[in-house]
Amino acid sequence: MHDLKFIRENPERVKAGAANKNEKCDIDKVLSLDEERREIIRQVERLKAERNKVSAEIAKMKKAGRPVDDAVMAMRKVGQQISELDTKLRELEVRLNTALTWVPNIPHESVPVGADETANVVVREWGEIPEPDFKVLPHWEIGEKLDIMDLAAASRISGSGFYLLKGLGATMQRALINYMIDLHTADGFTEVCAPHIVTSETMFGTGQLPKLADDMYKTEEGTMYLIPTAEVPLTNMFKQQIISYGQLPIRMVAHSPCYRREAGAAGKDTRGMIRVHQFDKVEMVTIVHPDNSYDVLESLVWQAEKVLQGLQLPYRVCELSTGELSFASAKCYDLELWAAGVAKYLEISSVANFEDFQARRMNCRFRDADGKVKHPHTLNGSGVALARLIPAILENYQTAEGSVVIPEVLRQYMRGAELIR
RNA sequence: GGAGAGGUGGCUGAGUGGUCGAAAGCGGCGGUCUCGAAAACCGUUAUACCUUUCAGGUAUCUAGGGUUCGAAUCCCUACCUCUCCGCCA
């Protein structure tokens, strides 16, 4: 959500930002509705000022024992005009706000301009891409073979787009969650366990609504939604709050399931765990002073990288182009993990700075050192997504004998197991 | 699910139709004092919007309606919190 005044003063910047993001929104409509709105405010406030003045006089006249009937009659008429104008104003504001909620955040000036992923920039790469001398099985084959994954059972239970882990597969997921949360909390992140079912206001706050309504699962009454990421409850913890200066920066981490309908993605990555309706994720959220949010963005990327380096998995860091940026973000890095079995990079983490876009939507503020109340910047990053991490491990740690070596950092969380066979 | 109580500024908490944007306290900020700090004392301390600016105006006491010339104050609805009962992991 942008400040109306900002749009009024920088219409071309807002339009260009939306265009570069391939977002459709009608800035001219926002501007004309705003103009109309201000005209009515001018009228109605003049009437209200008069009413207040005369009402005060009526009080005095009554005290003095003078007749007030004429004044009361006149104000009755004014009151009617006011209520008509107020009704008009309310309707106008609803339309204006609706138009405003569809205006995306503007990309940061450093973001490469481009329509799609071909304009993304690889910032750095880490680790060696393995070149095994045997055929690496994709994770769904090795998983079934080792009896740690049962995709057929998952589809019997829930239909297509779900996975089921068992035995050391399920243990590995739990181990990964513990490994990641321990890593982040050791670096100062506070662990949080938050609700997975949230109100539409909450979904609006982080920018999932209105745009992504069709990508989310909602309850029958349509008023509650299943979270697509823990970013939603974590960031919204501070909805409508004023954070004291000393509390910043706020750094949180949570594990949660993520529910996504993946509408429109049918036929894409249909096999295995790569694209599913429910997956687990460890998510980091930070709320920081606007002055240093871009430094925090870099450190948040590093925090996610630490997870992958600890697991000794080769990856690369990509800076997303404007066309790839999500509705609410101003700048975003993706971490992509090499998966030997499917022989491609898997997007495993997304780390983004939303500047004050989300804070405005949820009316989250902080009291600055000068005592003034301002909007903080919000950021989040996966740290990281399990449903793609597990495939990468099963494929990259595969041996010629068809077993899977358990990464060293996980063994303490897996009763000391070293190998799945 | 049933019954009751309540939601006021950053916080606590007065205020039941007419200078109430709202007492008081706490907190914050500035100052006096001090080598410095604490204490004490003095002062100050909301936000948004419109006009436009050495200024004026409007709105905001959970939210949305209603009554009234005039609502924090009266009425209705929703939401939330608390207490008791029921149910239950």
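Residues numbered from 1 in each chain as written. Chains lettered and ligands numbered in written order. Predicted model: local features only at pLDDT ≥ 70, side-chain atom pairs only at ≥ 80, totals over all residues. Heavy atoms only, no water.

What follows covers the overall build of chain A. A tally of helices and strands in chain A yields 13 helices and 15 strands. A buried classification covers 50% of the 421 residues belonging to chain A. Sequence-distant contacts in chain A: of pairs separated by 6 or more residues, those separated by 24 or more amount to 73%. Accessible surface computed for chain A: about 20,400 Å², of which carbon and sulfur atoms make up 49%. (Helix = DSSP H or I, 4+ residues; strand = E, 2+ residues; numbered from the N terminus. Buried < 20%, exposed > 50% of the residue type's maximum accessible area, 1.4 Å probe, protein only. Contact = heavy atoms within 4.5 Å. Areas by Shrake-Rupley, 256 points an atom, 1.4 Å probe, with all protein chains shown as cover.)

Let's shift gears to the packing of aromatic side chains. Scanning the model with the defined rule gives 3 aromatic pairs in all. Where Trp126 meets Tyr315, the ring centres are 5.6 Å apart and the plane angle is 20 degrees; that geometry is what we call stacked. With Trp126 in strand S1 (residues 121-126) and Tyr315 in strand S8 (residues 315-319), the pair connects residues that are 189 residues apart, well separated along the chain. Residue Tyr315 is classed as buried on the basis of its relative accessible area of 1%. (Phe/Tyr/Trp six-rings, centres within 6.5 Å; stacked < 30°, edge-to-face > 60°.)

This part covers the sheet that holds strand S12 (residues 373-374). Taking strand neighbours across the sheet as the criterion, the 3 strands line up as S5-S11-S12 in an open arrangement whose pairing is mixed. At either margin of the open sheet sits one strand with a lone partner, and together these are strand S5 (242-243) and S12. Both strand S11 (residues 365-367) and S12 contribute to a ladder of 2 bridges, which runs antiparallel. Paired with Phe366 across the two strands is Lys374, which belongs to S12. (Pairing = 2+ DSSP bridges.)

In this section: the sheet that holds strand S13 (residues 377-385). The mixed open sheet is built from 8 strands, whose spatial order is S1-S8-S9-S10-S13-S7-S6-S2. Edge positions in the open sheet fall to S1 and strand S2 (190-191), since each of these has one partner strand only. Contacting S2, strand S6 (250-259), strand S7 (278-288) and S13, helix H7 (residues 168-186) runs over the sheet at an angle of about 5 degrees to S7. Packed onto the sheet, helix H12 (residues 386-396) meets S7, strand S9 (331-339), strand S10 (344-353) and S13 and runs at close to 30 degrees relative to S9. (Axes fitted to C-alpha atoms, helices over the stretch in contact; angles between N-to-C directions.)

Moving on to the packing of helix H3 (residues 27-64) against helix H4 (residues 69-101). Angle between the axes and distance between the axes are the two parameters that describe a pair of packed helices. The contact between H3 and H4 brings their axes to 9 Å, and the two run at 155 degrees. Overall, the two elements H3 and H4 adopt an arrangement that is roughly antiparallel. Crossing of H3 over H4 shows left-handed handedness. Of the residues in the contact of H3 with H4, the class split is 19 nonpolar, 2 polar and 10 charged. (Parallel < 35°, antiparallel > 145°, perpendicular 65-115°, else oblique. Left-handed = near helix turned anticlockwise from the far one by under 90°. Nonpolar A, V, L, I, M, F, W, Y, C, P; charged D, E, K, R; others polar.)

By the secondary structure assignment, Thr270 is in the loop between S6 and S7. Put simply, Thr270 and Pro130 are 140 residues apart on the chain and 25 Å apart in space, counted from C-alpha to C-alpha.

This paragraph deals with the domain arrangement of chain A. Domain assignment breaks chain A into domain 1 (4-101) and domain 2 (117-420). With 5 residues of domain 1 at the interface, the matching set in domain 2 holds 11 residues. Counting the surface lost from both domain 1 and domain 2, the interface buries some 620 Å², and carbon and sulfur atoms represent 43% of this. The largest share of the area that domain 1 buries against domain 2 comes from Lys21, Glu23 and Thr101, three residues that together contribute 81% of it. Taken together, domain 1 and domain 2 are joined by 1 salt bridge. Here the residues of the side of domain 1 that touches domain 2 are counted per class, giving no nonpolar, 3 polar and 2 charged. (Domains from an automatic or database assignment. Buried area = accessible area lost by both parts, 1.4 Å probe. Salt bridge = Lys/Arg side-chain N within 4 Å of Asp/Glu carboxyl O.)

Attention now moves to the side chain of Ser321. Summarising the element assignment, Ser321 is placed in the loop between S8 and S9. Of note is the side chain of Ser321, whose polar atom sits 3.0 Å from the backbone oxygen of Asp116. (Polar contact = N/O pair within 3.5 Å; in protein donor to acceptor, adjacent residues only side chain to side chain.)

Evaluated as defined, the whole model comprises 1 cavity of 30 Å³ or more. Approximately 40 Å³ is the volume found for the largest cavity. Lining the largest cavity are Val192, Cys193, Ala194, Pro195, His196, Ile227, Ala230, Pro233, Leu234, Ala254, His255 and Ser256. For the lining of the largest cavity, the element with the highest residue contribution is S6, accounting for 3 residues. (1 Å grid on protein atoms, 1.4 Å probe; cavity = no way out; pocket = protein on both sides within 12 Å on 5 of 7 lines; lining within 4 Å. Points joined across faces, edges and corners; volume = space filled by probe spheres on them.)

Before going further, it helps to spend a moment on unusual backbone geometry. Here Leu209 and Pro210 are connected by a cis peptide whose omega angle stands at 5 degrees. If you trace the backbone, Pro210 turns up in the loop between helix H8 (200-206) and strand S4 (224-226). Leu248 connects to Pro249 through a cis peptide bond whose omega is -5 degrees. Along the chain, the position of Pro249 falls in the loop between S5 and S6. Positive phi, close to 65 degrees, is recorded for Asp147, a residue that is not glycine. Tracing the chain through its elements places Asp147 in the loop between helix H5 (139-145) and helix H6 (151-158). Its identity is not glycine, yet Gln312 carries a phi of approximately 60 degrees, on the positive side. We classify Gln312 as exposed; its relative accessible area is 53%.

This part covers the pairing of S10. One ladder, built from 9 bridges, connects S9 with S10; its direction is antiparallel. Paired with Leu337 across the bridge in S10 is Leu346. Connecting the antiparallel pair S9 and S10 is a turn made up of 4 residues, with Ala343 showing a positive phi of about 50 degrees. Bridging between S10 and S13 involves 3 bridges; their strand directions are antiparallel. Bridge assignment links Val351 to a residue of S13, and that residue is Gly381.

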